[in-house]
Amino acid sequence: MEMEKIVTQPVIETDRFVLRPLRKSDMGLIEMYASDARVARMTTSIPHPVPPAMTEAFVTRAMSDDRDEDVWAMDGLKTGGAEVMGVISLQRMDRNQSEVAYWVGPPFWNTGLASDAVQALVDANPMQNDTMFAAVFQDNPASARVLTHCGFEYLGDAESFCVARDAAVPTWTYSRKL
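For clarity, every value in this text was computed on a predicted model and none was experimentally measured.

By secondary structure assignment, the location of Val 59 is in helix α3 (residues 54-62). Residue class for Val 59 comes out buried when judged on its relative accessible area of 0%. C-alpha of Val 59 to C-alpha of Asp 26: the two residues are 33 residues apart in sequence and 8.1 Å apart in space. The residues contacting Val 59, other than those within four sequence positions of it, are Leu 22, Arg 23, Lys 24, Met 27 and Ile 30.

See the structure below:
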């Protein structure tokens, strides 16, 4: 039996869920939620439809030693929830900064899960960053509210390419001093 590799990134506990490194057994739930067009269209990187082997490649990358991004599953098992309710990540940037990105599975929308996950990551500051950044599509005001609720401040407008939409989409950029 192949042993699963232990990823060197912290587990972050909240009352409601645990943010923990991804594992191979998460692939089914990640693929199920990421395959939902409503989720894919609000991310820059998830295509719709999700191609074969993409989820496996994502999880494998998240578990590799030379990754430039730490990815956590929002795991609700401790309170009777799903093993994966969403995903949140920190991408390393220069000058002791990182970019936070997240998505939540549709069954958990409007439950405060994204706000709680972002706040837990801000509070833990696992990369010991000075600043966290985030960008959201302008047609996703709920995600913008998550950031402002967690103390992020609006920086300006930009645009990012969205694979699922095959288009550049206007964004709002936010930052949070830590």
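Attention now moves to the sheet that holds strand β5 (residues 97-104). Across the sheet, which stays open at both edges, the 8 strands sit in the order β1-β2-β3-β4-β5-β6-β8-β7 with mixed pairing between neighbours. Each edge of the sheet is formed by a strand with only one pairing partner; in this case those strands are β1 (12-13) and β7 (153-162). Relative to strand β3 (residues 69-75), strand β2 (residues 18-21) is paired through 4 bridges, and the arrangement is antiparallel. Note that in β3 the partner of Pro 21 across the bridge is Trp 72.

This brings us to the side chain of Thr 171. On the secondary structure map, Thr 171 appears in strand β8 (residues 167-177). When its relative accessible area of 3% is taken as the criterion, Thr 171 is described as buried. Those residues in contact with Thr 171, other than ones at most four positions away along the chain, are Ala 135, Val 136, Phe 137, Gln 138, Gly 156, Asp 157, Ala 158, Glu 159 and Ser 160.

With that settled, the discussion passes to the packing of helix α1 (residues 27-34) against α3. Viewed as axis vectors pointing N to C, α1 and α3 meet at an angle of 120°, and their least axial separation amounts to 10 Å. The orientation of α1 relative to α3 falls into the category oblique. Here α1 runs over α3; the crossing is right-handed. Where α1 approaches α3, its residues Met 27, Ile 30 and Glu 31 are matched on the opposing element by Thr 55, Glu 56, Phe 58 and Val 59. Its residues placed into classes, the contact of α1 with α3 shows 4 nonpolar, 1 polar and 2 charged.

Basis of the calculations
- Every chain is numbered independently, its residues counted from 1 as its sequence is written.
- Whole-chain, interface and lining totals are the exception, using all residues; otherwise, since this is a predicted model, local features are given only for residues with pLDDT of at least 70 and side-chain atom pairs are given and counted only at 80 or more.
- As a rule here, side-chain values cover all heavy atoms of the structure and leave hydrogens and water aside.
- The helix count covers DSSP runs of H or I at least four residues long, the strand count covers runs of E at least two residues long, and both are numbered beginning at the N terminus.
- Exposure classes here rest on a 1.4 Å probe applied to the protein chains alone. A residue is buried below 20% of its type maximum, exposed above 50%, and partly exposed in between.
- Every residue pair with non-hydrogen atoms within 4.5 Å of one another is taken to be in contact.
- Between any two strands, pairing holds if DSSP finds at least two bridges.
- Axis definition: a line fitted to C-alpha atoms, over the contacting stretch in the case of helices. Angles run 0 to 180 degrees between N-to-C directions.
- Each angle is binned into one of four classes, with values under 35 degrees roughly parallel, values over 145 roughly antiparallel, values of 65 to 115 roughly perpendicular, and all other values oblique.
- Rotating anticlockwise by less than a right angle from the far helix to the near helix defines a left-handed crossing, while the corresponding clockwise rotation defines a right-handed one.
- Throughout, the ten residues Ala, Val, Leu, Ile, Met, Phe, Trp, Tyr, Cys and Pro are labelled nonpolar, Asp, Glu, Lys and Arg are labelled charged, and all others, Gly among them, are labelled polar.

These figures come from the coordinates and say nothing about function on their own.
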